[in-house]
Amino acid sequence: MEFDTIVIGAGAAGLSTTALLEQKYKGTGKSIALLEAHSLSGGCASYFERQGYLFDAGATTLSGLKPGRPISKLIQTLSLELDLIKIAPGIVSLFPDKKIRHYADERKWIDELNVRFPDIDNEKVWSRIFSISHAGWKLSTDFPELPLTNWSEVRTLLKSQSIGALKILPSLLTSVEEALQLNKIHNEDYKALINELLFITAQNEAKKTPMLMGAMGLTYTDDTYYVKGGMKAFATALEKKCSNLFFKHKVTSIKRTKEGFTVVTNKDTFTCRQLISTLPEWNHNDLFNEKIFNEKSSEDCWSAFMLYMTIPLKPDREGLYFQVHCDSIPFCGSKSFFVSLSHPDDEMRSHTRQTVTISCHTKPENWEFLSQEEYIRRKKNTEDFILDIFCRRFQLDRHELANIFTGSPKTFVKYTNRFRGLVGGIPHSLKRSPLNYLKAKSPYKNFYLIGDTQFPGQGIAAVVLGAQNLAAKLD
Ligand SMILES: Cc1cc2nc3c(=O)[nH]c(=O)nc-3n(C[C@H](O)[C@H](O)[C@H](O)COP(=O)(O)OP(=O)(O)OC[C@H]3O[C@@H](n4cnc5c(N)ncnc54)[C@H](O)[C@@H]3O)c2cc1C
(Lines give C-alpha, C1' and ligand atoms only; values in the text may rest on other atoms or scores of the structure.)
Protein backbone atom coordinates (compact mmCIF):
# COMPACT_ATOMS: atom_id res chain seq x y z
CA MET A 1 0.00 0.00 0.00
CA GLU A 2 1.30 3.39 -0.97
CA PHE A 3 0.76 6.68 0.91
CA ASP A 4 2.46 10.07 0.82
CA THR A 5 2.83 10.05 4.60
CA ILE A 6 2.76 7.25 7.13
CA VAL A 7 2.48 7.82 10.88
CA ILE A 8 3.45 5.07 13.31
CA GLY A 9 1.53 4.77 16.61
CA ALA A 10 -2.02 5.90 17.40
CA GLY A 11 -1.32 7.49 20.78
CA ALA A 12 -2.10 11.16 21.41
CA ALA A 13 0.85 12.25 19.21
CA GLY A 14 0.04 9.99 16.25
CA LEU A 15 -3.71 10.61 16.27
CA SER A 16 -3.22 14.40 16.40
CA THR A 17 -0.58 14.49 13.66
CA THR A 18 -2.59 12.27 11.34
CA ALA A 19 -5.81 14.23 11.88
CA LEU A 20 -4.07 17.58 11.33
CA LEU A 21 -2.20 16.46 8.20
CA GLU A 22 -5.29 14.77 6.77
CA GLN A 23 -7.10 18.09 7.12
CA LYS A 24 -4.18 19.91 5.49
CA TYR A 25 -4.09 17.40 2.60
CA LYS A 26 -7.80 17.82 1.75
CA GLY A 27 -8.17 18.66 -1.95
CA THR A 28 -4.45 18.14 -2.70
CA GLY A 29 -4.66 14.47 -3.66
CA LYS A 30 -2.14 13.56 -0.97
CA SER A 31 -2.75 10.59 1.31
CA ILE A 32 -1.87 9.64 4.87
CA ALA A 33 -2.14 6.44 6.94
CA LEU A 34 -1.75 5.69 10.65
CA LEU A 35 -0.42 2.29 11.77
CA GLU A 36 -1.20 1.02 15.28
CA ALA A 37 -0.03 -2.26 16.81
CA HIS A 38 -2.83 -2.56 19.37
CA SER A 39 -6.57 -3.07 18.72
CA LEU A 40 -7.39 0.26 20.45
CA SER A 41 -5.96 3.75 20.09
CA GLY A 42 -4.64 6.05 22.83
CA GLY A 43 -1.32 4.39 23.80
CA CYS A 44 -0.41 5.67 27.27
CA ALA A 45 -3.69 7.61 27.22
CA SER A 46 -5.76 4.56 26.29
CA TYR A 47 -8.61 2.74 28.02
CA PHE A 48 -10.05 -0.72 28.58
CA GLU A 49 -13.31 -2.24 29.68
CA ARG A 50 -13.43 -4.77 32.45
CA GLN A 51 -16.28 -6.27 34.47
CA GLY A 52 -18.66 -3.65 33.05
CA TYR A 53 -16.50 -0.62 33.93
CA LEU A 54 -14.54 1.65 31.62
CA PHE A 55 -11.05 2.37 32.97
CA ASP A 56 -8.45 4.92 31.88
CA ALA A 57 -5.30 2.85 31.37
CA GLY A 58 -2.66 5.55 32.05
CA ALA A 59 -3.32 9.26 31.57
CA THR A 60 -6.52 10.57 33.11
CA THR A 61 -6.41 14.38 32.95
CA LEU A 62 -6.37 16.84 30.07
CA SER A 63 -4.61 20.16 30.45
CA GLY A 64 -3.51 22.80 27.94
CA LEU A 65 -7.04 24.06 27.42
CA LYS A 66 -6.49 27.74 28.12
CA PRO A 67 -7.02 29.85 24.97
CA GLY A 68 -4.15 29.39 22.51
CA ARG A 69 -2.76 26.32 24.27
CA PRO A 70 -2.31 23.00 22.41
CA ILE A 71 -5.45 21.06 23.35
CA SER A 72 -7.70 24.07 23.01
CA LYS A 73 -6.23 24.73 19.53
CA LEU A 74 -6.57 21.04 18.58
CA ILE A 75 -10.25 20.96 19.53
CA GLN A 76 -10.88 24.15 17.58
CA THR A 77 -8.89 23.23 14.45
CA LEU A 78 -10.41 19.76 14.15
CA SER A 79 -13.88 20.63 15.55
CA LEU A 80 -13.57 17.74 18.01
CA GLU A 81 -16.72 16.74 19.82
CA LEU A 82 -15.73 16.48 23.47
CA ASP A 83 -17.65 17.02 26.66
CA LEU A 84 -15.08 18.58 29.03
CA ILE A 85 -15.52 19.32 32.71
CA LYS A 86 -13.13 21.75 34.40
CA ILE A 87 -11.92 20.27 37.68
CA ALA A 88 -11.18 22.76 40.43
CA PRO A 89 -9.24 22.27 42.60
CA GLY A 90 -7.21 20.61 39.83
CA ILE A 91 -5.49 18.31 42.32
CA VAL A 92 -5.85 17.80 46.04
CA SER A 93 -2.59 16.84 47.77
CA LEU A 94 -3.26 14.55 50.71
CA PHE A 95 -0.67 14.49 53.51
CA PRO A 96 -1.24 12.39 56.66
CA ASP A 97 -2.21 15.54 58.60
CA LYS A 98 -3.36 18.03 55.95
CA LYS A 99 -5.09 18.55 52.63
CA ILE A 100 -3.79 21.10 50.13
CA ARG A 101 -6.14 22.18 47.38
CA HIS A 102 -4.54 23.31 44.12
CA TYR A 103 -6.99 26.01 43.10
CA ALA A 104 -6.97 27.19 39.49
CA ASP A 105 -7.16 30.81 40.57
CA GLU A 106 -3.61 32.06 41.32
CA ARG A 107 -4.67 34.28 44.24
CA LYS A 108 -6.74 31.51 45.83
CA TRP A 109 -3.88 29.02 45.46
CA ILE A 110 -1.38 31.37 47.14
CA ASP A 111 -3.90 32.02 49.95
CA GLU A 112 -4.29 28.25 50.44
CA LEU A 113 -0.50 27.91 50.73
CA ASN A 114 -0.34 30.84 53.16
CA VAL A 115 -2.78 29.01 55.44
CA ARG A 116 -0.88 25.69 55.27
CA PHE A 117 2.67 27.11 55.20
CA PRO A 118 2.52 30.56 56.89
CA ASP A 119 6.32 30.76 57.38
CA ILE A 120 7.08 30.69 53.66
CA ASP A 121 6.97 33.67 51.32
CA ASN A 122 4.49 31.96 48.98
CA GLU A 123 3.78 35.21 47.17
CA LYS A 124 7.41 35.51 46.08
CA VAL A 125 7.91 31.81 45.27
CA TRP A 126 4.73 31.46 43.23
CA SER A 127 4.73 34.79 41.42
CA ARG A 128 8.08 33.73 39.96
CA ILE A 129 6.70 30.31 39.03
CA PHE A 130 3.61 31.80 37.35
CA SER A 131 5.55 34.43 35.45
CA ILE A 132 8.01 31.89 33.99
CA SER A 133 5.22 29.44 33.21
CA HIS A 134 3.15 32.06 31.33
CA ALA A 135 6.20 33.15 29.32
CA GLY A 136 7.11 29.50 28.59
CA TRP A 137 3.65 28.77 27.25
CA LYS A 138 3.70 31.99 25.20
CA LEU A 139 6.99 31.09 23.57
CA SER A 140 6.02 27.50 22.80
CA THR A 141 2.57 28.33 21.43
CA ASP A 142 3.45 31.54 19.52
CA PHE A 143 6.34 29.97 17.75
CA PRO A 144 5.43 26.84 15.74
CA GLU A 145 8.96 26.55 14.31
CA LEU A 146 10.12 24.93 17.58
CA PRO A 147 12.16 22.74 17.62
CA LEU A 148 14.49 24.79 15.44
CA THR A 149 16.19 22.86 12.66
CA ASN A 150 18.08 25.50 10.67
CA TRP A 151 19.51 29.03 10.85
CA SER A 152 16.64 30.62 8.99
CA GLU A 153 14.29 29.40 11.76
CA VAL A 154 16.65 30.81 14.39
CA ARG A 155 16.48 34.20 12.59
CA THR A 156 12.68 34.08 12.53
CA LEU A 157 12.61 33.33 16.24
CA LEU A 158 14.90 36.26 17.00
CA LYS A 159 12.65 38.59 15.00
CA SER A 160 9.36 37.21 16.33
CA GLN A 161 6.96 38.89 18.71
CA SER A 162 7.90 36.28 21.29
CA ILE A 163 11.28 37.91 21.68
CA GLY A 164 10.14 39.08 25.13
CA ALA A 165 9.67 35.47 26.09
CA LEU A 166 13.30 34.74 25.19
CA LYS A 167 14.38 36.39 28.41
CA ILE A 168 13.13 33.27 30.19
CA LEU A 169 15.65 31.08 28.39
CA PRO A 170 18.22 31.44 31.24
CA SER A 171 15.69 29.52 33.35
CA LEU A 172 16.64 26.51 31.20
CA LEU A 173 20.01 26.59 32.97
CA THR A 174 18.88 26.97 36.61
CA SER A 175 17.23 24.26 38.70
CA VAL A 176 13.86 24.76 40.39
CA GLU A 177 15.63 24.29 43.72
CA GLU A 178 18.14 27.09 43.00
CA ALA A 179 15.64 29.46 41.42
CA LEU A 180 13.22 29.18 44.31
CA GLN A 181 15.94 28.80 46.92
CA LEU A 182 14.13 25.73 48.15
CA ASN A 183 17.27 24.59 49.93
CA LYS A 184 16.71 27.50 52.33
CA ILE A 185 13.16 26.35 53.08
CA HIS A 186 13.13 23.84 55.91
CA ASN A 187 9.56 22.62 55.79
CA GLU A 188 9.75 19.00 54.58
CA ASP A 189 6.08 18.88 53.49
CA TYR A 190 6.58 21.95 51.31
CA LYS A 191 9.60 20.39 49.64
CA ALA A 192 7.65 17.16 49.15
CA LEU A 193 4.73 19.09 47.65
CA ILE A 194 7.04 20.63 45.02
CA ASN A 195 9.12 17.51 44.42
CA GLU A 196 6.23 15.10 43.96
CA LEU A 197 4.38 17.53 41.66
CA LEU A 198 7.52 17.83 39.57
CA PHE A 199 7.82 14.07 39.53
CA ILE A 200 4.44 13.67 37.76
CA THR A 201 5.00 16.57 35.35
CA ALA A 202 8.73 16.96 34.64
CA GLN A 203 9.57 13.39 35.80
CA ASN A 204 12.37 14.74 37.96
CA GLU A 205 13.02 16.36 41.34
CA ALA A 206 13.53 20.07 42.10
CA LYS A 207 17.31 19.99 42.25
CA LYS A 208 17.59 18.45 38.77
CA THR A 209 14.66 20.04 36.88
CA PRO A 210 15.31 23.21 34.83
CA MET A 211 13.17 26.06 36.17
CA LEU A 212 11.49 26.69 32.80
CA MET A 213 9.95 23.21 32.50
CA GLY A 214 9.53 23.01 36.28
CA ALA A 215 7.41 26.17 36.36
CA MET A 216 5.22 24.90 33.51
CA GLY A 217 4.80 21.59 35.35
CA LEU A 218 4.03 23.15 38.73
CA THR A 219 1.21 25.26 37.28
CA TYR A 220 -0.46 22.49 35.31
CA THR A 221 -3.07 22.10 38.05
CA ASP A 222 -4.63 25.47 37.09
CA ASP A 223 -5.83 23.99 33.82
CA THR A 224 -7.14 20.49 34.65
CA TYR A 225 -10.05 18.93 32.78
CA TYR A 226 -11.96 15.67 32.89
CA VAL A 227 -13.24 14.26 29.59
CA LYS A 228 -16.71 12.80 29.92
CA GLY A 229 -16.39 9.19 28.76
CA GLY A 230 -12.75 9.22 29.90
CA MET A 231 -9.75 8.86 27.60
CA LYS A 232 -11.88 6.64 25.32
CA ALA A 233 -13.87 9.75 24.35
CA PHE A 234 -10.67 11.73 23.61
CA ALA A 235 -9.10 8.96 21.54
CA THR A 236 -12.25 8.12 19.58
CA ALA A 237 -12.97 11.80 18.79
CA LEU A 238 -9.52 11.97 17.16
CA GLU A 239 -9.89 8.54 15.50
CA LYS A 240 -12.91 9.87 13.59
CA LYS A 241 -10.58 12.36 11.87
CA CYS A 242 -8.18 9.66 10.67
CA SER A 243 -9.62 7.88 7.60
CA ASN A 244 -6.81 5.35 7.10
CA LEU A 245 -6.20 3.97 10.58
CA PHE A 246 -4.86 0.41 10.51
CA PHE A 247 -5.27 -1.34 13.87
CA LYS A 248 -3.34 -4.51 14.78
CA HIS A 249 -0.63 -3.44 12.36
CA LYS A 250 2.55 -3.70 14.34
CA VAL A 251 5.50 -2.21 12.46
CA THR A 252 8.27 -4.80 12.48
CA SER A 253 10.86 -3.20 10.20
CA ILE A 254 11.58 -0.03 8.23
CA LYS A 255 13.81 0.27 5.19
CA ARG A 256 15.01 3.46 3.54
CA THR A 257 14.60 3.55 -0.25
CA LYS A 258 15.37 6.07 -2.99
CA GLU A 259 11.75 7.27 -2.97
CA GLY A 260 11.26 7.27 0.81
CA PHE A 261 10.52 4.34 3.11
CA THR A 262 9.20 0.80 3.09
CA VAL A 263 7.35 0.03 6.30
CA VAL A 264 6.64 -3.62 7.05
CA THR A 265 3.96 -4.62 9.57
CA ASN A 266 2.91 -8.07 10.80
CA LYS A 267 0.17 -7.95 8.12
CA ASP A 268 1.24 -5.79 5.14
CA THR A 269 3.93 -3.76 3.43
CA PHE A 270 3.51 0.00 3.04
CA THR A 271 5.55 2.59 1.16
CA CYS A 272 5.66 6.33 1.71
CA ARG A 273 7.52 9.51 0.82
CA GLN A 274 7.72 10.76 4.38
CA LEU A 275 7.52 8.87 7.65
CA ILE A 276 6.55 10.11 11.11
CA SER A 277 7.13 7.96 14.16
CA THR A 278 5.70 8.60 17.61
CA LEU A 279 7.44 5.67 19.30
CA PRO A 280 10.03 6.14 22.03
CA GLU A 281 13.32 6.83 20.27
CA TRP A 282 15.01 3.59 21.45
CA ASN A 283 12.32 1.48 19.72
CA HIS A 284 13.81 2.54 16.36
CA ASN A 285 17.09 0.67 16.77
CA ASP A 286 15.26 -2.62 16.17
CA LEU A 287 12.96 -1.24 13.49
CA PHE A 288 15.82 0.13 11.33
CA ASN A 289 18.13 -2.67 12.48
CA GLU A 290 20.71 0.02 13.18
CA LYS A 291 21.88 1.56 16.46
CA ILE A 292 20.66 5.11 15.85
CA PHE A 293 19.67 6.03 19.41
CA ASN A 294 21.83 5.48 22.45
CA GLU A 295 19.94 3.38 24.98
CA LYS A 296 21.96 4.99 27.74
CA SER A 297 19.66 8.03 27.57
CA SER A 298 16.82 5.77 28.75
CA GLU A 299 18.49 5.05 32.07
CA ASP A 300 16.97 8.04 33.88
CA CYS A 301 13.48 7.31 32.58
CA TRP A 302 10.61 5.88 34.58
CA SER A 303 7.89 3.36 34.14
CA ALA A 304 4.70 3.12 36.16
CA PHE A 305 3.06 0.75 38.61
CA MET A 306 -0.71 0.84 38.02
CA LEU A 307 -3.61 -0.12 40.26
CA TYR A 308 -7.21 -0.17 39.05
CA MET A 309 -10.38 -0.73 41.08
CA THR A 310 -13.89 0.54 41.73
CA ILE A 311 -15.21 2.23 44.89
CA PRO A 312 -18.70 3.22 46.05
CA LEU A 313 -20.05 6.25 44.22
CA LYS A 314 -19.96 9.39 46.34
CA PRO A 315 -20.87 12.65 44.58
CA ASP A 316 -19.42 14.95 47.26
CA ARG A 317 -15.75 13.89 47.21
CA GLU A 318 -13.61 17.02 47.02
CA GLY A 319 -12.23 16.60 43.50
CA LEU A 320 -11.32 13.78 41.13
CA TYR A 321 -7.52 13.92 41.20
CA PHE A 322 -5.42 13.41 44.32
CA GLN A 323 -1.71 13.16 45.00
CA VAL A 324 -1.37 10.98 48.09
CA HIS A 325 1.90 11.57 49.97
CA CYS A 326 3.38 8.61 51.85
CA ASP A 327 6.63 6.82 52.71
CA SER A 328 8.61 5.04 50.00
CA ILE A 329 6.36 2.63 48.14
CA PRO A 330 7.75 -0.92 47.79
CA PHE A 331 9.50 -1.48 44.41
CA CYS A 332 8.66 2.10 43.36
CA GLY A 333 10.56 5.40 43.18
CA SER A 334 8.14 8.08 44.32
CA LYS A 335 6.90 9.06 47.75
CA SER A 336 3.38 9.61 46.51
CA PHE A 337 0.81 7.95 44.29
CA PHE A 338 -1.64 9.67 41.96
CA VAL A 339 -5.32 8.80 42.29
CA SER A 340 -7.86 9.55 39.53
CA LEU A 341 -11.57 8.92 39.92
CA SER A 342 -14.19 8.74 37.21
CA HIS A 343 -16.69 11.59 37.43
CA PRO A 344 -19.70 10.54 39.56
CA ASP A 345 -22.06 11.70 36.77
CA ASP A 346 -20.16 9.89 34.02
CA GLU A 347 -22.55 7.08 33.18
CA MET A 348 -20.47 6.08 30.15
CA ARG A 349 -17.91 4.72 32.61
CA SER A 350 -19.99 3.32 35.47
CA HIS A 351 -23.41 3.60 37.07
CA THR A 352 -23.27 2.56 40.67
CA ARG A 353 -19.58 2.92 41.51
CA GLN A 354 -16.58 5.11 40.53
CA THR A 355 -13.59 3.68 38.70
CA VAL A 356 -10.16 4.43 40.14
CA THR A 357 -6.81 4.58 38.33
CA ILE A 358 -3.75 4.84 40.58
CA SER A 359 -0.22 5.30 39.26
CA CYS A 360 3.24 5.72 40.73
CA HIS A 361 6.78 5.80 39.38
CA THR A 362 8.80 2.62 39.22
CA LYS A 363 11.86 1.30 37.37
CA PRO A 364 11.59 -1.61 34.90
CA GLU A 365 14.48 -3.44 36.59
CA ASN A 366 12.26 -4.00 39.64
CA TRP A 367 9.98 -6.19 37.52
CA GLU A 368 12.18 -7.76 34.84
CA PHE A 369 13.72 -11.25 34.83
CA LEU A 370 11.80 -12.46 37.90
CA SER A 371 10.25 -15.85 38.49
CA GLN A 372 6.47 -15.77 38.11
CA GLU A 373 6.17 -16.34 41.87
CA GLU A 374 8.43 -13.38 42.74
CA TYR A 375 6.71 -11.12 40.18
CA ILE A 376 3.31 -11.87 41.73
CA ARG A 377 4.69 -11.41 45.25
CA ARG A 378 6.08 -7.96 44.40
CA LYS A 379 2.85 -6.86 42.76
CA LYS A 380 0.83 -7.97 45.78
CA ASN A 381 3.23 -6.27 48.18
CA THR A 382 2.96 -2.95 46.33
CA GLU A 383 -0.80 -3.30 45.95
CA ASP A 384 -1.30 -3.95 49.69
CA PHE A 385 0.87 -0.95 50.64
CA ILE A 386 -1.07 1.41 48.36
CA LEU A 387 -4.51 0.09 49.30
CA ASP A 388 -3.80 0.37 53.00
CA ILE A 389 -2.99 4.09 52.66
CA PHE A 390 -5.77 4.68 50.14
CA CYS A 391 -8.39 3.28 52.55
CA ARG A 392 -7.12 5.48 55.38
CA ARG A 393 -7.04 8.71 53.34
CA PHE A 394 -10.38 8.11 51.61
CA GLN A 395 -12.03 6.68 54.73
CA LEU A 396 -13.06 3.43 53.11
CA ASP A 397 -13.03 -0.14 54.38
CA ARG A 398 -11.11 -2.68 52.37
CA HIS A 399 -14.32 -4.65 51.66
CA GLU A 400 -15.75 -1.57 49.89
CA LEU A 401 -13.07 -1.84 47.19
CA ALA A 402 -13.82 -4.11 44.22
CA ASN A 403 -12.53 -5.13 40.76
CA ILE A 404 -8.92 -4.67 41.90
CA PHE A 405 -6.06 -5.45 39.53
CA THR A 406 -2.57 -4.11 38.90
CA GLY A 407 -0.11 -3.42 36.07
CA SER A 408 3.67 -3.08 35.91
CA PRO A 409 6.25 -2.01 33.29
CA LYS A 410 5.67 -5.43 31.71
CA THR A 411 2.03 -4.47 31.15
CA PHE A 412 3.17 -1.31 29.29
CA VAL A 413 5.49 -3.43 27.13
CA LYS A 414 2.57 -5.75 26.31
CA TYR A 415 0.03 -3.04 25.44
CA THR A 416 2.16 -0.18 24.09
CA ASN A 417 5.36 -1.91 22.91
CA ARG A 418 7.35 0.88 24.52
CA PHE A 419 11.03 0.09 25.10
CA ARG A 420 11.23 -1.66 28.52
CA GLY A 421 7.80 -0.18 29.36
CA LEU A 422 9.32 3.26 29.93
CA VAL A 423 6.62 5.93 29.98
CA GLY A 424 6.29 9.67 30.57
CA GLY A 425 9.19 10.61 28.30
CA ILE A 426 12.75 11.58 29.13
CA PRO A 427 12.93 13.45 32.46
CA HIS A 428 13.50 17.18 32.08
CA SER A 429 16.98 17.63 33.45
CA LEU A 430 19.80 20.14 33.69
CA LYS A 431 21.97 17.27 32.45
CA ARG A 432 20.20 17.39 29.08
CA SER A 433 21.65 20.04 26.79
CA PRO A 434 19.22 22.90 26.04
CA LEU A 435 20.19 22.41 22.38
CA ASN A 436 18.41 19.06 22.53
CA TYR A 437 15.16 20.93 22.93
CA LEU A 438 15.93 23.20 20.03
CA LYS A 439 16.75 20.82 17.24
CA ALA A 440 14.90 17.87 15.74
CA LYS A 441 16.89 14.71 16.31
CA SER A 442 15.78 12.65 13.34
CA PRO A 443 18.71 10.79 11.79
CA TYR A 444 17.23 10.53 8.26
CA LYS A 445 15.80 12.90 5.66
CA ASN A 446 11.97 12.84 5.51
CA PHE A 447 11.81 10.84 8.76
CA TYR A 448 10.31 12.80 11.66
CA LEU A 449 10.12 11.93 15.33
CA ILE A 450 7.55 13.25 17.77
CA GLY A 451 5.94 11.86 20.94
CA ASP A 452 7.03 12.02 24.53
CA THR A 453 10.72 11.22 24.08
CA GLN A 454 11.03 14.20 21.70
CA PHE A 455 10.62 17.96 21.98
CA PRO A 456 9.07 19.14 24.23
CA GLY A 457 8.14 15.79 25.83
CA GLN A 458 5.77 14.67 28.57
CA GLY A 459 2.03 14.87 28.86
CA ILE A 460 -0.72 14.94 26.29
CA ALA A 461 -0.52 18.73 25.84
CA ALA A 462 3.21 18.48 25.09
CA VAL A 463 2.96 15.67 22.54
CA VAL A 464 0.04 17.46 20.86
CA LEU A 465 2.14 20.64 20.68
CA GLY A 466 4.88 18.58 18.99
CA ALA A 467 2.27 17.22 16.55
CA GLN A 468 0.94 20.70 15.78
CA ASN A 469 4.38 22.16 15.17
CA LEU A 470 5.32 19.27 12.88
CA ALA A 471 2.02 19.39 10.94
CA ALA A 472 2.53 23.14 10.41
CA LYS A 473 6.00 22.54 8.94
CA LEU A 474 5.26 19.58 6.66
CA ASP A 475 3.67 19.59 3.26
C1 LIG B 1 0.46 6.29 34.21
C2 LIG B 1 0.49 7.50 33.36
C3 LIG B 1 -0.29 8.60 33.70
C4 LIG B 1 -0.26 9.74 32.91
N5 LIG B 1 -1.08 10.76 33.22
C6 LIG B 1 -1.19 11.81 32.37
C7 LIG B 1 -2.20 12.78 32.55
O8 LIG B 1 -3.03 12.66 33.46
N9 LIG B 1 -2.25 13.83 31.69
C10 LIG B 1 -1.36 13.96 30.65
O11 LIG B 1 -1.44 14.93 29.90
N12 LIG B 1 -0.42 13.02 30.43
C13 LIG B 1 -0.32 11.94 31.26
N14 LIG B 1 0.59 10.96 31.00
C15 LIG B 1 1.51 11.11 29.87
C16 LIG B 1 0.81 10.83 28.53
O17 LIG B 1 -0.07 9.77 28.64
C18 LIG B 1 1.83 10.51 27.47
O19 LIG B 1 2.92 11.39 27.51
C20 LIG B 1 1.23 10.57 26.07
O21 LIG B 1 -0.01 9.91 26.05
C22 LIG B 1 2.22 9.92 25.11
O23 LIG B 1 1.68 9.88 23.83
P24 LIG B 1 2.54 9.36 22.60
O25 LIG B 1 1.62 9.39 21.44
O26 LIG B 1 3.80 10.14 22.54
O27 LIG B 1 2.99 7.87 22.95
P28 LIG B 1 2.13 6.57 23.25
O29 LIG B 1 0.93 6.93 24.01
O30 LIG B 1 3.05 5.57 23.84
O31 LIG B 1 1.65 6.07 21.82
C32 LIG B 1 2.44 5.29 20.99
C33 LIG B 1 1.55 4.33 20.22
O34 LIG B 1 2.36 3.57 19.34
C35 LIG B 1 1.91 2.23 19.31
N36 LIG B 1 3.04 1.39 18.89
C37 LIG B 1 4.15 1.06 19.59
N38 LIG B 1 4.96 0.29 18.86
C39 LIG B 1 4.37 0.14 17.65
C40 LIG B 1 4.74 -0.53 16.45
N41 LIG B 1 5.89 -1.20 16.34
N42 LIG B 1 3.89 -0.47 15.40
C43 LIG B 1 2.72 0.23 15.47
N44 LIG B 1 2.32 0.87 16.59
C45 LIG B 1 3.14 0.84 17.66
C46 LIG B 1 1.47 1.98 20.74
O47 LIG B 1 0.59 0.88 20.83
C48 LIG B 1 0.82 3.32 21.10
O49 LIG B 1 -0.55 3.32 20.79
C50 LIG B 1 0.58 9.79 31.77
C51 LIG B 1 1.36 8.70 31.42
C52 LIG B 1 1.31 7.55 32.19
C53 LIG B 1 2.11 6.36 31.77
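All residue numbers refer to positions counted from 1 along the written sequence of the respective chain. With pLDDT at 70 or above as the cut-off, local features in this predicted model cover only qualifying residues; side-chain atom pairs require 80 or more to be listed or tallied, and sums for whole chains, interfaces and linings still use all residues. Excluded from the side-chain calculation are hydrogens and water; included are all heavy atoms of the structure.

1. Notes on the nonpolar core
What counts, and what does not: In these notes, a set of buried Ala, Val, Leu, Ile, Met, Phe, Trp, Tyr and Cys residues joined through side-chain atoms within 4.5 Å is what counts as a nonpolar core. The cut-offs for exposure are 20% and 50% of the maximum accessible area for each residue type, with area from a 1.4 Å probe on protein chains only; residues under the lower value are buried, those over the upper are exposed, and the others partly exposed. Secondary structure is summarised from DSSP: a helix means a run of H or I of at least four residues, a strand means a run of E of at least two, and numbering begins at the N terminus for each. Residue ranges for the domains originate in an automatic or database domain assignment. Note on definitions: a residue-residue contact is assigned when non-hydrogen atoms from the two residues lie within 4.5 Å.
One finds Trp126, Tyr190, Phe337, Val339 and Phe390 to be the most contacted residues of the largest nonpolar core, which totals 117 residues. Top contributing element to this core by residue count: helix α4 (residues 122-142), with eight residues. When we break this core down by domain, the ones giving at least three residues each are domain 1 (2-48 + 63-81 + 228-296 + 424-473) and domain 2 (106-115 + 122-144 + 156-221). When residues no more than four places from it in sequence are discounted, the contact partners of Phe337 are Phe322, Gln323, Val324, Cys326, Ile329, Ile358, Ser359, Cys360, Ile386, Ile389 and Phe390. Counting 25 residues, the second largest nonpolar core, distinct from the first, contains Ala33, Leu279, Tyr444 and Leu449.

2. Some points on unusual backbone geometry
With an omega of -5°, the peptide bond running from Leu146 to Pro147 counts as cis. In this structure, Asn403 is a non-glycine residue whose phi angle is positive, near 55°. Its location among the elements puts Asn403 in strand β17 (residues 402-407). Backbone geometry places Gln458, a non-glycine residue, at a positive phi of 65°. Take Gln458: it is sitting in the loop between β18 (447-449) and α14 (459-473). Overall, the relative accessible area of 8% leaves Gln458 in the buried class.

3. Digging into helix α11 (residues 372-393)
Basically, it comes down to this: Any helix carries an expected span of 1.5 Å times its number of residues minus one.
Taking 1.5 Å of rise per residue, the 22 residues of α11 would be expected to cover 32 Å, and the 32 Å separating its terminal C-alpha atoms lies within 8% of that figure. Of the positions making up α11, those classed as buried are Tyr375, Arg378, Lys379, Thr382, Glu383, Ile386, Leu387, Ile389, Phe390 and Cys391. Positioned one or two residues after α11, Gln395 has a phi angle of 45°, which is positive.

4. Thoughts on the layout of surface pockets
Rules: A pocket, in this scheme, is an open set of points on a 1 Å grid over the protein atoms alone with protein on both sides within 12 Å along at least 5 of 7 lines, while a cavity is a set where a 1.4 Å probe fits but cannot get out; residues line either one if an atom lies within 4 Å of a point. Grid points are joined across faces, edges and corners, and a volume is the space filled by probe spheres set on the points. Note that Gly is not counted as nonpolar here; it falls among the polar residues with everything else outside the nonpolar set of Ala, Val, Leu, Ile, Met, Phe, Trp, Tyr, Cys and Pro and the charged set of Asp, Glu, Lys and Arg.
Within this model, the second largest pocket holds a volume of roughly 790 Å³. Along the walls of the second largest pocket sit 35 residues, with Phe199, Gln203, Asn204, Glu205 and Trp302 positioned nearest its centre. Residue assignment for the lining of the second largest pocket shows that the elements contributing at least two residues are α7 (188-201) and α11. Looking at the lining of the second largest pocket element by element, the count peaks at six residues for α7. Of the residues that constitute the lining of the second largest pocket, the class distribution is 10 nonpolar, eight polar and 17 charged. Counting residues domain by domain, the lining of the second largest pocket receives three or more from each of domain 1 (2-48 + 63-81 + 228-296 + 424-473) and domain 2 (106-115 + 122-144 + 156-221).

5. A look at the packing of helix α2 (residues 70-78) against α14
Stated formally: Whenever a helix is involved, its axis is fitted only over the stretch in contact; in every case the axis is a line through C-alpha atoms, and angles between N-to-C directions fall within 0 to 180 degrees. By the definition adopted for this analysis, an angle is roughly parallel if under 35 degrees, roughly antiparallel if over 145, roughly perpendicular if from 65 to 115, and oblique otherwise. By definition, any crossing whose near helix is turned counterclockwise from its far helix by less than a right angle is left-handed, and any crossing with a clockwise turn is right-handed.
The geometry of α2 relative to α14 is characterised by a closest axis approach of 8 Å and an angle of 55° between their N-to-C directions. By the angle class used here, α2 and α14 are oblique. Judged by the sense of rotation from one axis to the other, the crossing of α2 with α14 is left-handed. Residue-level inspection shows Pro70, Ile71, Lys73 and Leu74 of α2 in contact with α14, the latter providing Ile460, Ala461, Val464, Leu465 and Gln468. Residues belonging to the contact of α2 with α14 are distributed by class as follows: seven nonpolar, one polar and one charged.

6. Some points on empty space enclosed by the protein
With the rule as written, the count across this model stands at two cavities of 30 Å³ or more. The space that makes up the largest cavity amounts to roughly 50 Å³. Taken together, Tyr103, Ala104, Asp105, Glu106, Trp109, Trp126, Phe130, Leu218, Thr219, Thr221 and Asp222 form the lining of the largest cavity. For the lining of the largest cavity, the secondary structure elements donating two or more residues are α3 (106-116) and α4. In terms of residue class, the lining of the largest cavity is built from six nonpolar, two polar and three charged. Along its surface, the second largest cavity is lined by Asp56, Thr60, Tyr226, Tyr321, Ser340, Leu341, Arg349 and Thr357. Of the residues assigned to the lining of the second largest cavity, the class counts are three nonpolar, three polar and two charged.

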